Amino acid sequence: MYSLLGVALLTLTLSAPTLAFVPIGGGSSSHISITGTALLQKVTETCRAVAEEAGYEFKPTGSSPGELVQACLGPTAPGDVSGAKFHSALQEIYTQNGLVDRDFANSAPHHFNSEAFLEGRGLITGGVVAIKANIRKENFKAARETLGRVLHTLQDFYSHSNWVELGYTEPYNNLIRPDQPLENLADLNTPTCRDCSSGTCQNQILSNILNEKKLTSGYMGIFSSQKPKGKCSHGGTSDLTSTVIPRGGINKDERRQDNKAFHDAAVKAAIAASLHLLDDICLASGNRDFLRMMGIARSSVVCFVIDTTGSMSEDIEEARAVVYKIIDSKKGTQDEPSEYILVPFNDPEFGPIIRTSDAEKMKTEISKLKAKGGGDTPEMCLSGLQMALTGAPSSSNIYVFTDATAKDIALKDTIIALIRRTKSTVSFFMTSFSSRRRRRSLGAASFSDYMDLALASGGQAIQVSKSQLPQATDIILDTSTSALVTVFQRAVTGGELKTFIFVLDESLKSITIYITGTSLTFTLTNPAGVTQSNNEASGKLGTIQTVGNLWRFRLNPDKQSGDWTINIQSNQPYTVKVTGQSILTFIYDFVEKFTGPHSGYATLTGRPQAGQPTTVMLSAIGRKGPSSLTVEQVGLVTVSGPKAVTNGTIADMGNGDLLVTVDAVPEGEFVLLLKGTDKTSASEFQRQSTTQMSVSKVNIQAAVDSSVEPGETFKLPFSVMTQGAAGTYVINAQNDRNFPMTYPKSLSLSTGRYTNATLTITPSAATESGTDVTLTIEAKSSSGADSNYAVLRLSVVTKITDFIPPKCEVTSVLADDCPKDVSQCGPFRWELSANLTDENGTGIASISLNQGNGTFKHTPLNASIVKAFYNASCCSQIVKIVAVDKVGNVGKCYHSIIRSAGFPAPTLSLPLWLCLLVSIFIVRL
């Protein structure tokens, strides 16, 4: 059914020997397996298509994420590329898929329970509209999250309905086609099941339902046993209706002795349906943007947040020079940025966010920046940073240029919440200012606030003169790489001599040590005992550059693997960080277990709970996949203050996925520390997460279940609970679009009990469809000693009334010259003409050649009838033309000139799937 390559790629995520719809976390659940199978097959197909179009062979050297991404991007760009972003994208989709069982356990439409077919189909089609709109706006994270939820609902149809019992083996494509009716649904008064006292009957569906091909699904009662007379139950211990006659249940979530055939059929149909939905999204979005949504790109996004007030002209010039230098030095390599993002800020304006994958366009945009306005010292820095954190992909590197403190310092807690949620790294370049009028007051912002934010993200806060800025920005060239990892990071308040030990492994390249601080001395020692002190600019171990409060120590390429030591002496606060390039890395999320009909693990949207074990889901990524490394230690380590490391208990979930439980969490801020052995080089390695985390006794629960229309008010229920002292807790909410919101400013909490509340948000009527809104809700005790947050995404999507795809009619085919013997095809050519229309729809947005190696062209898209022309060698015998309208509906033209005795060439009079089947059958004769 799949190629050997496709089967090998499934080992990225799949490990269970049998499939089950019940999600249990760790990659062995069937929703994960079904989703992973479809995603990886579609990614493989798309990569192969992109490679063929670009003229190179798609041939991964192995099944690891990095090897797949490297093969997909092609052989022309030298250097290593990390598969971490691709792996993270998969995990985001899997996580949202699983959360449907937690957040919507009692919602019949989300699971196609209780014959809620129209409502379930509405969730799918509405979600697909939002996904396509998000991709058009390059809001890929929002698209992934919605995709995970939509796939869960689609997959549940095949497990929870009687589709496979009716004998159907192909997907029910009308579930993703709102222009097509759902036919032959059993009505409310029609009995559908016979009684099954044992609960394990092989087929409970009544014979008349089977004969009449009536569609039904099991009723599910988590809190009530009521169901209509004669109706099927979902079944299982969590379904209270399963003990009401007709007893039993028809779900195929788990593979049992009594339902093996139906379960296997449901799994196959769910995989095929998931793949069909992904095909539709990919055709609507295009191969390139589909792969970007899946995290397949060369390097990290480079994001600049730039102060454009009056005194910033020199800083803007330097930022411009840095962008040009990145573009020129990294073009054609794996470190070439996949996207550039620019967010200017002034006072009181900030934004808009400018994003492009076109390097020349970014040059043009940054050349337009002019310093103007301002007048008082503080500026809207954090508002610009908030826009960058919500607009850039997760784990981005963001660089802020300013010469002033933040006027909008009230956003500081929101910024920290966004940093923790996105795991992005923020570095500040603050130049001194003297000519501008300074206005400070008690409690006003200062450079230390930037230091706090940089430390929380694992970035740097660099304070230099304007003349020194060009030297300081070398750090941007260091960190805008495809495979940046953090080996070690600490923050110290100062005092006695400190000794830090870290491990460098053989895979590391471009190793750099950053120390930020003043009045300090240090000595670095390698495993052989060779030393170099801070007063040796060029020594046996590397070169040292000093600018402002930053020391940049770049190690020589011939570094030794093993334990390195750095001794630092300073009476002032300082930070030390060791980074390098390596595809040996890890991704992680703090998670919590949830129970219900289908238990699993959910990614935390805020801080872990205090007083309880902290759980981390972690995926280790080796040079040749998870089998090429061994993880021996995972723990939490304090970043500031006395060093404390608390190791966790590691449970191997298979294929590099680890569930780590830490019983005693360090006090204060901590990061994740991972140690192990790289089997490829037989060397020990260590890695650290960059983003700081801490625990809280406060918990916030909220979930977004739909998109919102422009100009309409969206209601978001949320709940707050504390395990700490009861009392009044201050509620604060922010959104990155400045849409008006209402919510209670405070809540009275009782210990151990959730208090319910509602937030409303109203996007402006002029909001473009596909706009992504990031909501941050914070709850803080009246004393300010404890707080937590929830970060959620909401998509604004214009209501769609056009669900009919463009139509394609082949008007002529000239292929009589093509010989039946394909080996003689070389000198001959064939032609095809087609008319494409969207009738009363929104209009055709794009027409492209999806399959075929010939010459393709078409008349202007704004015509009522668009004429398409295709000319190809007779050796290229299949053509598929794809037309996408302005809301993402996809129409296809397919034609094949394959001839064989007794079999005519397939034409458009046959359905596309049958044409493909006939063509495949002919080829195999």
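Residues numbered from 1 in each chain as written. Predicted model: local features only at pLDDT ≥ 70, side-chain atom pairs only at ≥ 80, totals over all residues. Heavy atoms only, no water.

Things to note about the nonpolar core
Among soluble globular proteins, nonpolar side chains are generally buried collectively. With 59 residues, the main nonpolar core has Leu147, Tyr158 and Leu277 as its most contacted residues. Going through the elements one at a time, α2 (30–54), α3 (65–73), α4 (84–103), α6 (117–136), α7 (140–160), α9 (260–285) and α10 (287–293) are the ones with two or more residues in this core. For this core, the element with the most residues is α9, which contributes 12 residues. Those residues in contact with Leu147 that sit more than four places away from it in its chain are Leu39, Ile93, Ile131, Leu277, Leu278, Ile281 and Met293. (Core = buried A, V, L, I, M, F, W, Y, C linked by side-chain atoms within 4.5 Å. Buried < 20%, exposed > 50% of the residue type's maximum accessible area, 1.4 Å probe, protein only. Helix = DSSP H or I, 4+ residues; strand = E, 2+ residues; numbered from the N terminus. Contact = heavy atoms within 4.5 Å.)

Some points on the packing of helix α13 (residues 381–391) against helix α14 (residues 412–422)
As a packed pair, α13 and α14 sit with axes 10 Å apart at the nearest point and diverge in direction by 20 degrees. As the angle between them shows, α13 and α14 are arranged roughly parallel. The two elements α13 and α14 meet at a crossing, and its hand is left-handed. Residues Leu382, Leu385, Gln386, Leu389 and Thr390 of α13 lie in contact with α14, whose contacting residues are Lys412, Thr414, Ile415, Leu418, Ile419 and Thr422. For the contact of α13 with α14, the class distribution of residues is six nonpolar, four polar and one charged. (Axes fitted to C-alpha atoms, helices over the stretch in contact; angles between N-to-C directions. Parallel < 35°, antiparallel > 145°, perpendicular 65-115°, else oblique. Left-handed = near helix turned anticlockwise from the far one by under 90°. Nonpolar A, V, L, I, M, F, W, Y, C, P; charged D, E, K, R; others polar.)

Remarks on the confidence of the model for the protein
With 92% of its residues at a pLDDT of 70 or more, the protein shows a mean pLDDT of 88. Below pLDDT 50 for its whole length, residues 1–20 participates in 52 contacts with residues either more than four positions away or in separate chains. Across residues 901–925, where pLDDT falls below 50, the model places 32 contacts with residues more than four positions away in sequence or in other chains. (pLDDT = per-residue confidence, 0-100.)

Observations regarding the pattern of salt bridges
Following the criterion strictly, the structure yields 43 salt bridges and no others. Two residues, Glu592 and Arg102, come together in a salt bridge whose shortest N-O distance is 3.4 Å. Residue Glu592 is found in strand β16 (residues 585–594), and its partner Arg102 is found in helix α4; the two are separated by 490 residues along the sequence. The class for Glu592 is partly exposed, based on a relative accessible area of 26%. Overall, the relative accessible area of 27% leaves Arg102 in the partly exposed class. Asp315 is the partner of Lys466 in a salt bridge, and the nearest nitrogen-oxygen pair spans 2.3 Å. Highlighted residues: Lys466 in the loop between β6 (461–464) and α16 (469–472) and Asp315 in helix α11 (residues 313–330), separated in sequence by 151 residues. In the salt-bridge network here, residues are joined through shared partners; they are Glu138, Arg288, Asp289, Arg292, Glu339 and Arg355. (Salt bridge = Lys/Arg side-chain N within 4 Å of Asp/Glu carboxyl O.)

Observations regarding the packing of aromatic side chains
This structure, assessed with the given rule, holds 20 aromatic pairs. Between the aromatic rings of Tyr588 and Phe590, the centroid separation amounts to 6.0 Å while the plane-to-plane angle is 90 degrees, which identifies the pairing as edge-to-face. The pair Tyr588 / Phe590 is uniform in exposure class, with both members buried. Between Phe590 and Phe670, the ring centres sit 6.2 Å apart and the planes meet at 65 degrees, which makes this aromatic pair edge-to-face. Residue Phe590 is located in strand β16, and its partner Phe670 is located in strand β23 (residues 670–678); the two are separated by 80 residues in the primary sequence. On the basis of relative accessible area, Phe590 is assigned to the buried category, the value being 8%. When its relative accessible area of 0% is taken as the criterion, Phe670 is described as buried. Aromatic rings pair up to connect Phe112, Phe117, Phe157, Tyr158, Trp163, Tyr168 and Tyr172 into one cluster. We note Lys745 situated over the ring of Tyr743; from NZ or CZ to the ring centre the distance is 3.8 Å. (Phe/Tyr/Trp six-rings, centres within 6.5 Å; stacked < 30°, edge-to-face > 60°. Lys NZ or Arg CZ within 6 Å of the ring centre and 35° of its normal.)

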